[in-house]
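Single-letter residue listing:
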Amino acid sequence: MSRESHLLPLLLTLLLILIFTCQSVAALKIYRSRQEFISMLGQTEGRLYLGNCEQSTRRFTCIYAIDESYSQEPTQCAVTEQQHKPWWMGILETPAYISKITVLNIDQTYRSYPDALRGITIMAGDDICFRFESDESFIKRSFPCDVIADQITIQSNRDNAVLTLCDIEVFGAPVKFPAILKDPYALLVHSCQQSSVGGNGYCQNAFDGNAQGDHNANPCAMTSDEFTPWLEAKLWTPSLVTEVRVYNRLDCCKDSLTNITVTLNNRVCSSYDGEPEDAMSFDCKFFGDRVRIKSKKNQAISICELQIIGYPMEFPNVEKFKALGCYKDNPKNRDLTQLVSSIIMSQEKCHKMCKRLGLKYFGVQNGMHCWCGSTYGKHGKADEKMCSMPCEDNEKQRCGGSIYNSIFEIL
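Rules of the game
Residues numbered from 1 in each chain as written. Predicted model: local features only at pLDDT ≥ 70, side-chain atom pairs only at ≥ 80, totals over all residues. Heavy atoms only, no water. Disulfide = S-S within 2.5 Å. Helix = DSSP H or I, 4+ residues; strand = E, 2+ residues; numbered from the N terminus. Buried < 20%, exposed > 50% of the residue type's maximum accessible area, 1.4 Å probe, protein only. Pairing = 2+ DSSP bridges. Axes fitted to C-alpha atoms, helices over the stretch in contact; angles between N-to-C directions. Salt bridge = Lys/Arg side-chain N within 4 Å of Asp/Glu carboxyl O. Phe/Tyr/Trp six-rings, centres within 6.5 Å; stacked < 30°, edge-to-face > 60°. Core = buried A, V, L, I, M, F, W, Y, C linked by side-chain atoms within 4.5 Å. Contact = heavy atoms within 4.5 Å. pLDDT = per-residue confidence, 0-100.

## Quick word on the state of the cysteines
- For the structure on display, the rule yields eleven disulfides.
- In this model, C192 is linked to C203 through a disulfide, with the two sulfur atoms separated by 2.1 Å. The disulfide joining C192 to C203 has a torsion of about 80 degrees about its S-S bond and is therefore right-handed. Taken as a pair, C192 in strand β12 (residues 189-194) and C203 in the loop between β12 and β13 (221-222) lie far apart in primary sequence, eleven residues in all.
- In this structure C192 comes out as buried when scored by relative accessible area, which is 12%.

Encoded structure:
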């Protein structure tokens, strides 16, 4: 094997570590068995390492939770002050599928204050891995997770308590970014949403490949006048996002984008306060799958095209579907012909059932119903806000409305 072949994996690892020493928040909940998903990644389950950390108070001690000393003496542990709901946060060296998190507490001999670990929520990115509640604390305990993320948080729900963490071990498998050594490119958008819709300004208009800026000739995405309006795009897969490009409306209203914030999974990439521009580019060196443009003003925003540039993570063998929008239904003449389930629904669950039936489209309705069909749209399209009901099995997803379907095409 050549010297260059030996160096390539090392260079890739170093590049990922450099990117992820910055703080970022992203997560993807996995609805597959642990063995199945790790096998899909082409990896084996192993130890993951945290490269940076923060905590609510006494921040200089947070590093003791990841120094691998395993000492349970107070001077060798991360310890907060006695406070309201203390927390600790650590960032992985590289994004990964997190299978479990093991927490080592301080030795009981040294506990002379309320222990915050008697009630905690463990999160990976912005997804909850586990909630623990007990009248008694623990010395060492492992918690399941099954989330793709680059950050973990241990948040106590106790008042007037001290959070003590002597060691935190994270297990799982790193995810891959095959194109990381090439130039970044435009990432595929799975779906979008917005705070409101002004005129025909549906959020899908910002992803039609047309950035000419004339709303009358080719509609842009547009909100109504309201308090801090926003538009959000969800990527097909979590990605290393390097740049966000925003194309303004040119026929009027250019000042709607003069005071905006660009976020990726609730982390601020960039903030702009300046003169109106035809097009703007924002750096965003984070890992995530939800890009949001939010105004700081109380007026409508117009975005004629939104491009998200970066590197998608490798997500092999995952079945895909494309969001087509919100559509009206009629109980007397159903838009999609076959009801297959009304129990604990998510978009992925409905997709699998309709795909097994060999049908081209599926729709989720009222948070829990799954409909399948070969055609759709006989009653017309509806405003996206009519399909804002959370899915029963995944509250972060939207599963239609009372008589409205969120329609998807099976790819």
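Picking up where we left off.
## Here we look at the environment of P178
- Mapped onto the elements of the fold, P178 is located in the loop between β10 (167-174) and β11 (185-186).
- When the C-alpha atoms of P178 and P312 are compared, they prove to be 8.2 Å apart, with 134 residues separating the residues in sequence.

## Focus on unusual backbone geometry
- Of note in the backbone geometry, E68 takes a positive phi value of approximately 60 degrees without being a glycine.
- Position of E68 among the secondary structure elements: in the loop between β3 (50-55) and β4 (78-79).
- Of the residues examined, E68 reaches a relative accessible area of 38% and is grouped as partly exposed.
- Positive phi outside glycine occurs at N265, with the angle close to 50 degrees.
- Tracing the backbone shows N265 in the loop between β15 (259-264) and β16 (267-273).

## Regarding the sheet that holds strand β19 (residues 321-328)
- Judged by pairing direction, the sheet is antiparallel, and its five strands sit side by side in the order β19-β25-β21-β22-β20 without closing on themselves. Of all the strands in the sheet, the pair left with one neighbour each is β19 and β20 (338-341). Neighbour to neighbour, the strand axes of the sheet diverge by 30 degrees on average, direction disregarded.
- Pairing of β19 with strand β25 (residues 404-410), which is carried by seven bridges, proceeds in the antiparallel orientation. Of the residues in β25, the one forming a bridge with C326 is S406.

## A word on the pairing of β10
- A large share of β10 lies buried, amounting to seven of its eight residues.
- Across three bridges, the pairing between strand β2 (residues 46-48) and β10 is antiparallel. For R47, the partnering residue across the bridge sits in β10 and is F171.
- Here strand β5 (residues 87-104) runs beside β10; their pairing, made up of eight bridges, is antiparallel. Note on β10: the bridge partner recorded for I98 is G172.

## Section: the pattern of salt bridges
- Overall, the coordinates contain 13 salt bridges when judged by the stated rule.
- In this structure, the salt-bridge partner of E232 is R292, at a minimum N-O distance of 3.0 Å. Remark: R292 occurs in strand β17 (residues 279-295) and E232 occurs in strand β14 (residues 230-248); sequence separation between them is 60 residues.
- Residue classification places E232 among the buried positions, given a relative accessible area of 7%.
- D329 serves as the salt-bridge partner of R334, at 2.7 Å between the closest nitrogen and oxygen.
- Classification of R334 as partly exposed rests on a relative accessible area of 24%.
- What makes D329 buried here is its relative accessible area of 7%.

## Examining helix α3 (residues 347-356)
- For α3, every residue scored as buried is listed here: Q347, C350, H351, M353 and C354.
- Of the residues flanking the end of α3, it is G358, one or two places downstream, whose phi is positive at about 75 degrees.

## Overview of the packing of aromatic side chains
- In total, this model carries eleven aromatic pairs according to the counting rule given.
- A ring pair is formed by F132 and F143, whose centres lie 5.9 Å apart and whose planes are at 70 degrees; its orientation type is edge-to-face. Within this pair, whereas F132 is found in strand β7 (residues 127-133), its partner F143 is found in strand β8 (residues 140-156), the two being separated by eleven residues in sequence. Here F132 matches F143 in class, with each residue buried.

## Thoughts on the pairing of β16
- The pairing of β15 with β16 spans six bridges and is antiparallel. The residue bridging T261 from the neighbouring strand is S271, located in β16.
- In this antiparallel pair of consecutive strands, β15 and β16, the connection spans two residues, and N265 shows a positive phi of 50 degrees.

## Observations regarding the nonpolar core
- Within the largest apolar cluster, 32 residues are counted, with the highest numbers of intra-cluster contacts made by W88, I98, L165, I168 and V170.
- Elements with a contribution of two residues or more to this core: β3, β5, β6 (119-124), β7, β8 and β10.
- Look past the residues within four positions of L165 in its chain and what remains in contact with it is A65, C77, A78, W88, V103, L104, L117 and I154.

## A few points about the confidence of the model for the chain
- Looking at the chain, the pLDDT average stands at 87 and 88% of residues meet or exceed 70.
- Ranking the helices and strands of the chain by mean pLDDT puts strand β21 (residues 361-365) first, with 97, and helix α1 (residues 3-20) last, with 42.
- Here residues 1-25 is modelled with pLDDT under 50, and outside its nearest four sequence neighbours on either side it reaches 41 contacts, counting other chains as well.

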